[in-house]
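Breakdown of the fold
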Amino acid sequence: MTAAPVDPTSTTAWARLTALAEGFAPDLRGWFEQDPGRVERWTHTAGDLLVDLSKSLADDDVLAALLDLAEEVGLAARREAMFRGERINVSEDRAVLHTALRLPRDAPPEQRPNVDGHDVLPDVHEVLDRVYAFAERVRSGSWTGVTGERVRTVVNIGIGGSDLGPVMAYEALAAYRQEGLECRFLSNIDPTDAATTLAGLDPATTLFIVSSKTFGTLETLTNARLCRQWLLDGLRERVDGDLDERAAVAQHFVAVSTALDKVADFGIDPENAFGFWDWVGGRYSLDSAIGTSLAIAIGPERFAEMLAGFHAMDEHFRTAEPAGNVPVLMGLLNVWYGDLLGAQTHAVLPYSQLLHRFPAYLQQLTMESNGKSVRWDGTPVTTETGEVFWGEPGTNGQHAFYQLIHQGTRLVPADFIAFANPAYPLADGEDDVHELFLANFLAQTRALAFGKTAEEVRAEGTEESVVPARVFPGNRPTASIMAPDLTPAVLGQLVALYEHITFVQGVVWGIDSFDQWGVELGKQLAQQVGPAIAGDADALAGQDPSTRALIAYYREHRRR
Ligand code: F6P
């Protein structure tokens, strides 16, 4: 039985936060000047991450009230329920155990969850071992295609959580990839995605991984069928028409899914399928067999290091005191910004080109999790929920949208992520370039926090008429996350950090962060609109006038 959510607005902490927000006069300049201990008090470590929250738009009173809020809404109990394997995903009646995916084989009893009395850890490691063995075979060339040639390209076919995590991590860990073995990622049902992903590939050396938790996702199954056709057509040409299709599919297609029966229906040998469980949400599945393409690219050892990184952050979240618990603090600060100070978006700005897909990955993680209007007992939420996450790597963003963050009218809290060392060894003389890059990260967070006053602008000899345009108000909140290097372990820690931040916010709002019913209606309607586009008069009549007009435009302009 899941306890009813506590309405956050009914807590005494919320009343204090509301009062603090009403009289709030943020003054990061003053706070830093008057409080030499602020940086030390507001900086924490979690795993290999150093997290400086001193440039948050909050003072000690706000922080104390936020920590009380966490206590009043029962954050600790809910966190324990998740780690224990309780069915906290109530609308789907499922446990939420992505944290079990990264438990070491010999995890002590207090870390081992069970689902309905079943210890899931042996199952997790049995699949991991199979994924690792398969990855080794592909990497070493002992797994071959049907013509006996080794695999040169792995194409992961999946969407949402079955795509965004693997592609983000593949990009982030580019420095760890095996040479001569490329991964590509096919997600969109737009046929141009398949065309561009397959362009230039040799079917004889291409391996497809069909990744789908449900194995029922239209985009993925459509793309998988397109790829199967492309494979068989291409191979037939190579072997002069004498092709054993079953053998070809068996050697060139593997699958990752919780629905192994549907995998077999598709024609993929269940021997070549890697399973996972309904207690792993799609957007929390990078560290399950969904990461098989990544395991092939970086190898089992590095993949295991990534899992250890996830686990280190899990343990920090599970055991650290709230006042030093980074996911707790960052989640609570997000509640403060979004619910009490009115922020509607949250920027994530990696100062690492290799993290260029990280914001997109976080969009699914945070927005599919917390974009909800009802609580886990079905009652309406009592606060705003789920801010819009977005971002781009610095410094590119600086020359695009930072203007609005610095001088716009909206409050945009931003997380900056940077590494002491570049991922690739630098050539002679390039050290300075990395330092210049880091200088930009430091300069931006400083400018956002402390701004530039009219007096400072005038002191530069600026003509009075343009002084207002050149003033920076400051008091724009940032969190600075640093690590020595972007290693697999650090990537695991970063992802787990945001998973737990998302969880903390969801608990405060009383929502089930693990279902995603909001994506269903569009899927259903697409099934009805399909025949209307194809010309079915009854289906067309069932559409609204706008949809009918758009279909008419399409039919008038299509060239076939
Ligand atoms: O439609 C949303 C969603 O269910 C996501 O939650 C999920 O990550 C994605 O679709 C893909 O689902 P599947 O892995 O089952 O193909």
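The name given to the protein chain in an unreviewed UniProt entry is Glucose-6-phosphate isomerase, with the source organism recorded as Nocardioides oceani. As stated in UniProt under Sequence similarities (unreviewed entry), the record for the protein chain gives "Belongs to the GPI family." For the record of the protein chain, the UniProt heading Catalytic activity (unreviewed entry) holds the text "alpha-D-glucose 6-phosphate = beta-D-fructose 6-phosphate".

1. Quick word on the overall build of the protein chain
A tally of helices and strands in the protein chain yields 23 helices and 13 strands. Relative to the globule expectation of 24 Å for 560 residues, the C-alpha radius of gyration of the protein chain, 25 Å, shows essentially globular dimensions. Summarising its shape, the C-alpha atoms of the protein chain cover approximately 80 × 60 × 60 Å along the three principal directions. By the burial criterion, 52% of the 560 residues in the protein chain qualify as buried. Taking contacts inside the protein chain between residues at least 6 apart in sequence as the whole, the part at least 24 apart equals 74%. Here the protein chain holds 45 positive side-chain charges and 78 negative ones, and the gap between their average locations is 4 Å.

2. Points about the packing of aromatic side chains
Under the defined criterion, the tally for this structure stands at 25 aromatic pairs. Measuring from centroid to centroid gives 6.1 Å for phenylalanine 24 and tryptophan 31, while their planes differ by 50 degrees, and the two rings are tilted. Like tryptophan 31, phenylalanine 24 is buried. For the pair phenylalanine 503 and phenylalanine 514, a centre-to-centre distance of 6.3 Å together with 40 degrees between the ring planes defines the contact as tilted.

3. Section: helix H5 (residues 75-84)
Among the residues of H5, Leu75, Arg78, Arg79, Ala81, Met82 and Phe83 are the ones counted as buried. On its buried face, H5 sits against helix H4 (60-72), helix H13 (300-319), helix H14 (326-340) and helix H20 (488-509). Once H5 finishes, glycine 85 follows within two positions and takes phi at roughly 100 degrees, a positive value.

4. Some words on the sheet that holds strand E9 (residues 273-275)
Paired through backbone hydrogen bonds, the strands of a sheet run either parallel or antiparallel to each other. Overall, parallel pairing links the five strands, which are arranged E6-E5-E7-E8-E9 in an open sheet. At either end of the open sheet lies a strand with only one pairing partner, and these are strand E6 (182-186) and E9. In this sheet, adjacent strand axes meet at a mean angle of 20 degrees when their direction is disregarded. In this sheet, E6 lies alongside strand E5 (residues 153-157) in parallel orientation, the contact comprising five bridges. Note that in E6 the partner of valine 155 across the bridge is arginine 184. Along the sheet face, helix H10 (residues 245-252) touches strand E7 (206-211) and strand E8 (253-257) and points at about 55 degrees away from the line of E8.

5. Thoughts on the sheet that holds strand E12 (residues 414-419)
Spatially, the six strands line up as an open sheet ordered E1-E2-E13-E12-E10-E11, and their pairing is mixed. Edge positions in the sheet fall to strand E1 (43-46) and strand E11 (388-390), since each of these pairs with one other strand and no more. Looking at each pair of strands side by side, their axes are set apart by 20 degrees on average, direction ignored.

6. A closer look at a negative patch on the surface
On the surface, a cluster of negative charge is contributed by Asp428, Glu430, Asp431, Asp432 and Glu435. In this fold, aspartate 428 is placed in the loop between E12 and helix H17 (431-450). A residue is classified by how much of its surface remains accessible, and aspartate 428, at 81% relative accessible area, is exposed.

7. Side note on the pattern of salt bridges
Counted under the stated rule, the structure contains 28 salt bridges. Note that arginine 458 and glutamate 455 form a salt bridge whose closest N and O atoms lie 3.7 Å from each other. Here arginine 458 pairs with glutamate 455, and both are found in helix H18 (residues 454-459), just three residues apart, close to one helical turn. Classification of arginine 458 as partly exposed rests on a relative accessible area of 36%.

8. Structural notes on the nonpolar core
Counting 126 residues, the largest nonpolar core has Trp279, Met330, Trp336, Phe358, Leu491 and Tyr498 as its most contacted members. Ranked by the residues each element gives to this core, the list is headed by H20, at 13 residues. Not counting residues up to four positions away in its chain, the partners in contact with leucine 491 are Met168, Ala169, Ala172, Leu173, Met306, Leu355 and Leu486. Core analysis: the second largest hydrophobic core is formed by 26 residues, Ala204, Ala224, Val249 and Ala255 among them.

9. Structural notes on the site of the ligand
Close to the ligand lie 14 residues; Ser162, Ser212, Lys213, Thr214 and Thr217 are nearest. In the model, an oxygen atom of the ligand is placed 2.6 Å from a nitrogen or oxygen of the serine 162 side chain. The protein chains hide 89% of the 390 Å² of surface that the ligand would expose on its own. A molecule is said to occupy a pocket when more than half its atoms come within 2 Å of that pocket's grid points, and by this definition the ligand occupies the largest pocket. Looking at the shell around the ligand residue by residue, the class counts come to two nonpolar, nine polar and three charged.

10. So, the pairing of E8
Along E8, five of the five residues are buried, which leaves the element largely enclosed by surrounding structure. Of the two faces of E8, the one holding Phe253, Ala255 and Ser257 and the one holding Val254 and Val256 are both buried throughout. Across four bridges, E7 lies against E8 in parallel orientation. Within the sheet, the bridge partner assigned to serine 211 lies in E8 and is valine 256. With three bridges connecting them, E8 and E9 associate as parallel partners. Note on E9: the bridge partner recorded for valine 256 is phenylalanine 274. At this point the chain moves from E8, through helix H11 (residues 260-266), to the parallel E9, and the crossover so formed is right-handed.

11. What about the layout of surface pockets?
Here the largest pocket defines a volume of roughly 890 Å³. When residues of the lining of the largest pocket are traced back to their parent elements, those giving at least two are helix H9 (218-238), helix H15 (358-370) and helix H21 (520-534). Counting residues per element, the lining of the largest pocket draws most heavily on H21, at five residues. Ser352, Gln353, Pro422, Ala423 and Phe437 are, among the 13 residues lining the second largest pocket, the residues nearest its centre.

12. Digging into the side chain of serine 480
By secondary structure assignment, the location of serine 480 is in strand E13 (residues 478-483). The buried category is assigned to serine 480, whose relative accessible area is 7%.

Conventions used here
- Residues numbered from 1 in each chain as written.
- Predicted model: local features only at pLDDT ≥ 70, side-chain atom pairs only at ≥ 80, totals over all residues.
- Heavy atoms only, no water.
- UniProt positions renumbered as here; feature names shortened; annotations may be inferred.
- Helix = DSSP H or I, 4+ residues; strand = E, 2+ residues; numbered from the N terminus.
- Rg over C-alpha atoms; globule rule 2.2 N^0.38 Å.
- Buried < 20%, exposed > 50% of the residue type's maximum accessible area, 1.4 Å probe, protein only.
- Contact = heavy atoms within 4.5 Å.
- Lys, Arg positive; Asp, Glu negative; His and termini not counted.
- Charge placed at Lys NZ, Arg CZ, Asp CG, Glu CD.
- Phe/Tyr/Trp six-rings, centres within 6.5 Å; stacked < 30°, edge-to-face > 60°.
- Pairing = 2+ DSSP bridges.
- Axes fitted to C-alpha atoms, helices over the stretch in contact; angles between N-to-C directions.
- Patch = residues over 30% accessible without salt bridge, like charges linked within 9 Å, V, L, I, M, F, W, Y side chains within 5 Å.
- Areas by Shrake-Rupley, 256 points an atom, 1.4 Å probe, with all protein chains shown as cover.
- Salt bridge = Lys/Arg side-chain N within 4 Å of Asp/Glu carboxyl O.
- Core = buried A, V, L, I, M, F, W, Y, C linked by side-chain atoms within 4.5 Å.
- Near = heavy atom within 4 Å.
- Polar contact = N/O pair within 3.5 Å; in protein donor to acceptor, adjacent residues only side chain to side chain.
- 1 Å grid on protein atoms, 1.4 Å probe; cavity = no way out; pocket = protein on both sides within 12 Å on 5 of 7 lines; lining within 4 Å.
- Sits in = over half its atoms within 2 Å of the grid points.
- Nonpolar A, V, L, I, M, F, W, Y, C, P; charged D, E, K, R; others polar.
- Right-handed = clockwise from strand over helix to strand, strands pointing away.
- Points joined across faces, edges and corners; volume = space filled by probe spheres on them.

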